[in-house]
Amino acid sequence: MIAVALLLLPALGLLLYGMDRFEDRVFRRPPARHAAGRHLRLVGGGGEASPRSPAAPVPGRPARAGGEAPAA
């Protein structure tokens, strides 16, 4: 009886693994249409200073807490 149980154990393990994979495939939600072609987009100008660098004042706000302009 123990020999039969030991012989059936690998088969039951494979059955459980197969059913888990099958359920994941059947009950998986379809991917969203906008996510089908997901690609990275590169940003140009990697080595140059950006137009809104930290030294540039933000429009509508004083450059510093005291209101004076930053030193160049």
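A short tour of the structure in this document, coming up. (Residues numbered from 1 in each chain as written. Predicted model: local features only at pLDDT ≥ 70, side-chain atom pairs only at ≥ 80, totals over all residues. Heavy atoms only, no water.)

1. Quick word on the overall build of the chain
Phase 1 of the analysis: Each helix and strand counted, the chain has one helix and zero strands in total.
Phase 2 of the analysis: When the 72 residues of the chain are sorted by exposure, 0% land in the buried category.
Phase 3 of the analysis: Entry remark: accessible area of the chain is about 7,700 Å², with carbon and sulfur atoms responsible for 63%. (Helix = DSSP H or I, 4+ residues; strand = E, 2+ residues; numbered from the N terminus. Buried < 20%, exposed > 50% of the residue type's maximum accessible area, 1.4 Å probe, protein only. Areas by Shrake-Rupley, 256 points an atom, 1.4 Å probe, with all protein chains shown as cover.)

2. As for a nonpolar patch on the surface
Phase 1 of the analysis: A surface patch of nonpolar side chains, amounting to about 820 Å² of accessible area, comprises V4, L8, L12, L15, M19, F22, V26 and F27.
Phase 2 of the analysis: Here V26 shows up in helix α1 (residues 2-26).
Phase 3 of the analysis: Taking relative accessible area as the criterion, V26 reaches 46% and is therefore assigned partly exposed. (Patch = residues over 30% accessible without salt bridge, like charges linked within 9 Å, V, L, I, M, F, W, Y side chains within 5 Å. Salt bridge = Lys/Arg side-chain N within 4 Å of Asp/Glu carboxyl O.)

3. Topic: α1
Phase 1 of the analysis: Look at α1: 36 Å from first C-alpha to last across 25 residues, which is about the 36 Å you get at 1.5 Å a residue.
Phase 2 of the analysis: The largest bend in α1 amounts to roughly 30° and is located at L9, with the proline P10 lying one to four residues further along. (Expected span 1.5 Å × (residues − 1). Bend = angle between axes of the 7 residues up to and from the residue.)

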